[in-house]
Amino acid sequence: MKTLVIGTGGREHTLALALSRDPSVTEVHAAPGNPGIAQVATLHEVDPLDGAAVADLAASLAVDLVVVGPEAPLVAGVADAVRARGIAVFGPSGEAAALEGSKAFAKDVMAAAEVPTAMAHVCETAEEVAAALDAFGAPYVVKDDGLAAGKGVVVTDDREAAAAHAAQCERVVIEEYLDGPEVSLFALCSYTESDGATVVPLQPAQDFKRAYDDDAGPNTGGMGAYTPLPWAPDDLVDEVTRRVLQPTVDEMAKRGRPFTGLLYAGLALTSRGLRVVEFNARFGDPETQALMALLDSPLGALLAGAADGTLAEVPAPRWRDGAAVTVVVAAEGYPASPRKGDVITGVEAADAVEGVDVIHAGTARDEAGNLVTAGGRVLTVTARGTDLADARRRAYEAVDLIHIDGGFSRRDIAAKAALV
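Bear in mind that the values here come from a model prediction, so they are computed numbers and not experimental data.

Visitor: What is the right way to look at the packing of aromatic side chains in this model?
Guide: Any two aromatic rings considered together are summarised by their centre-to-centre distance and by the angle between their planes. For the structure on display, the rule yields 5 aromatic pairs. Plain terms: the ring middles of Tyr212 and Phe408 are 5.8 Å apart, the flat faces sit at 50 degrees to each other, and that makes the pair tilted. One end of the pair, Tyr212, is in strand β13 (residues 210-212); the other, Phe408, is in the segment after β24 (403-404), with 196 residues separating them in the sequence. Within the aromatic cluster, the residues linked to one another by ring pairs are Phe90, Phe186, Tyr264 and Phe283.

As structure tokens, this is what we get:
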């Protein structure tokens, strides 16, 4: 199988790496990629938002499967352009990707499918925002209705800050605050007219959204993740599949927007039961890094099965024993204004630590050939260990070998779970 991965970040490096380790995958291409992806794939210059260009590249390479990584190309309909050329693609249509592209649309789907989620108001004016903030009270949860690269959500006790965030957005969803731990559960999805929607859940993971230890600081795209969750209920995956994932994809099919690809359910395990925080229409970053470290099944067959409608015939995902922990190394100033161009050292030494993969998320090469920062989340260091404590030890051993002027990491990823 020849594959083409679209995107530039840590998620795409992780998927390209997993595909490169799949014996059934003969070629891995990526566009536009990054320096880390270049170590496991052949890179090509293409605008990931240009569906025609992506489809042309896929056709010229005669690839069997295109994997669209980021949300923006999916919402822009890049997967549609590839499918129109008769090439299998892992990723939902532009219409189906609205589950992530519009939080208001996602709320409407959940209401129709009777999926448990937070009460919410969709607001377009300052008066509507004020009324919604007063109705729910603090802590205030304000979400940009559109895509915001994981940084469109503000959770704060400061009413002025909540209103200010809403004022920066054309339309916002203001929700009740959900207590309890958050969980990420991904599911591979396929659809055929004859069989309907097939949902294959992966194992749960947890990520850390706040920038600093003890969940302090602003929201980010994610500062680390781990899997499995030793504290999670034994029936969590079954419950989420039954109450959230299957009803959602069934409702999407009813609406003429069948969902094919990866459905990401961000969940809160509240004192009142399971609630959906958000949906994403693609693999999450950095949870994907931890999950791929433990996946013991060939990734290519799973993605191809979702893409071509044969997912129900593919053996269920198998998982390695042990645990995986991912720690993000971020650039100075992240998430507000990350500094770019700083030289990165120690990556090779970190990558050599047993059980560790150093994943490139925001890196580039300068004119002298040095590896430099090119984004807020620069690297995601992922370690596999016998348990969470062992995986944490390996991950932080590797993180400590990496140097970026002003760079930082959270030091508490999976710390509490490792004590369970």
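Visitor: Would you explain the side chain of Asn280 in this entry?
Guide: Locating Asn280 in the fold gives a position in strand β17 (residues 273-280). In contact with Asn280, other than residues within four places in its own chain, are Glu100, Leu262, Leu263 and Tyr264.

Visitor: Can you walk me through the sheet that holds strand β7 (residues 140-144) in this structure?
Guide: The strands making up a sheet associate through backbone hydrogen bonding, with each pair oriented either parallel or antiparallel. If you trace the 4 strands from one edge of the open sheet to the other, you get β6-β9-β7-β8, paired in antiparallel fashion. One side of each edge strand has no neighbouring strand; the edge strands of this open sheet are β6 (120-123) and β8 (153-156). Here the average twist between neighbouring strands, direction ignored, is 20 degrees. Sheet analysis places β7 next to strand β9 (residues 172-175), joined by 4 bridges and oriented antiparallel. Of the residues in β9, the one forming a bridge with Val142 is Ile174. Sheet strands touched by helix α6 (residues 103-113): β6, β7 and β9. Its angle to β9, the strand with the most contacts, is close to 50 degrees. Together, β7, β8 and β9 form the strand contacts of helix α8 (residues 159-167), whose direction differs from that of β7 by roughly 10 degrees.

Visitor: I would appreciate a short explanation of unusual backbone geometry in the present structure.
Guide: Apart from glycine, the bulk of residues carry a negative phi angle, and the bulk of peptide bonds sit in the trans form. The residue after Thr227, namely Pro228, is reached through a cis peptide bond having omega -5 degrees. Summarising the element assignment, Pro228 is placed in the loop between β15 (224-227) and α9 (236-254). A cis amide bond links Tyr334 to the next residue, Pro335, at an omega of 5 degrees. Within the fold, Pro335 resides in the loop between β18 (323-330) and β19 (344-345). One non-glycine residue with positive phi stands out, namely Glu114, at about 55 degrees.

Visitor: Can you help me understand the sheet that holds strand β5 (residues 88-90) in this one?
Guide: Ordered in space as β3-β2-β1-β4-β5, the 5 strands form an open sheet in which the pairing is parallel. Edge strands, defined here as strands with exactly one partner in the open sheet, are β3 (42-43) and β5. Examined bridge by bridge, strand β1 (residues 2-7) and strand β2 (residues 27-32) share 6 bridges and lie parallel to one another. Residue pairing across strands places Leu4 opposite His29, the latter belonging to β2. Strand contacts of helix α1 (residues 10-20): β1, β2 and β4 (65-68), with the helix running at about 170 degrees to β1, the strand carrying the most contacts.

Visitor: What am I meant to see in the pairing of β1 here?
Guide: Across a regular strand the side chains alternate sides, sitting on one face of the sheet and then on the other. Within β1, 5 of the 6 residues are buried, which leaves it mostly tucked inside the rest of the structure. After leaving β1, the chain enters α1 and then returns to the sheet as β2, a path that is right-handed. Here β1 pairs with β4 via 4 bridges, running parallel. The residue bridging Leu4 from the neighbouring strand is Val66, located in β4.

Visitor: What is the right way to look at the packing of α6 against α9 in this model?
Guide: Two packed helices can be described by the angle between their axes and the distance between those axes. Running from N to C, α6 and α9 cross one another at 105 degrees; their axes reach a closest spacing of 9 Å. Considering their axes alone, α6 and α9 lie roughly perpendicular with respect to each other. Together, Phe105, Val109, Ala112 and Ala113 of α6 and Pro247, Thr248, Glu251 and Met252 of α9 make up the contact between the two elements. Tallied by class, the residues present in the contact of α6 with α9 amount to 6 nonpolar, 1 polar and 1 charged.

Visitor: Would you take a moment to explain the pairing of strand β14 (residues 216-219) for this structure?
Guide: Both β13 and β14 contribute to a ladder of 2 bridges, which runs antiparallel. Paired with Tyr212 across the two strands is Ala216, which belongs to β14. Between β13 and β14, which follow one another and run antiparallel, lie 3 residues, and Asp214 among them has a positive phi close to 60 degrees.

Visitor: Just checking my understanding: could you explain the pattern of salt bridges for this structure?
Guide: Oppositely charged side chains may form a pair once their charged atoms are brought near each other. For the structure on display, the rule yields 26 salt bridges. When the shortest N-O distance is used, the salt bridge between Asp342 and Arg339 registers 2.7 Å. When its relative accessible area of 14% is taken as the criterion, Asp342 is described as buried. Given the relative accessible area of 35%, Arg339 is considered partly exposed. Linked by salt bridges that have partners in common, Arg11, Glu12, Glu71, Glu100 and Arg282 make up one network.

Visitor: Please clarify how the nonpolar core should be interpreted in this entry.
Guide: A general trend in soluble globular proteins is that nonpolar side chains are found buried together. Membership of the largest hydrophobic core comes to 80 residues, with the highest contact counts inside it found for Leu4, Val66, Leu99, Val244, Leu245, Phe279 and Val325. One finds Ala41, Phe90, Ala205 and Val314 within the second-largest nonpolar core, a separate group that totals 32 residues.

So, how was this worked out
Residues numbered from 1 in each chain as written. Predicted model: local features only at pLDDT ≥ 70, side-chain atom pairs only at ≥ 80, totals over all residues. Heavy atoms only, no water. Phe/Tyr/Trp six-rings, centres within 6.5 Å; stacked < 30°, edge-to-face > 60°. Helix = DSSP H or I, 4+ residues; strand = E, 2+ residues; numbered from the N terminus. Contact = heavy atoms within 4.5 Å. Pairing = 2+ DSSP bridges. Axes fitted to C-alpha atoms, helices over the stretch in contact; angles between N-to-C directions. Buried < 20%, exposed > 50% of the residue type's maximum accessible area, 1.4 Å probe, protein only. Right-handed = clockwise from strand over helix to strand, strands pointing away. Parallel < 35°, antiparallel > 145°, perpendicular 65-115°, else oblique. Nonpolar A, V, L, I, M, F, W, Y, C, P; charged D, E, K, R; others polar. Salt bridge = Lys/Arg side-chain N within 4 Å of Asp/Glu carboxyl O. Core = buried A, V, L, I, M, F, W, Y, C linked by side-chain atoms within 4.5 Å.

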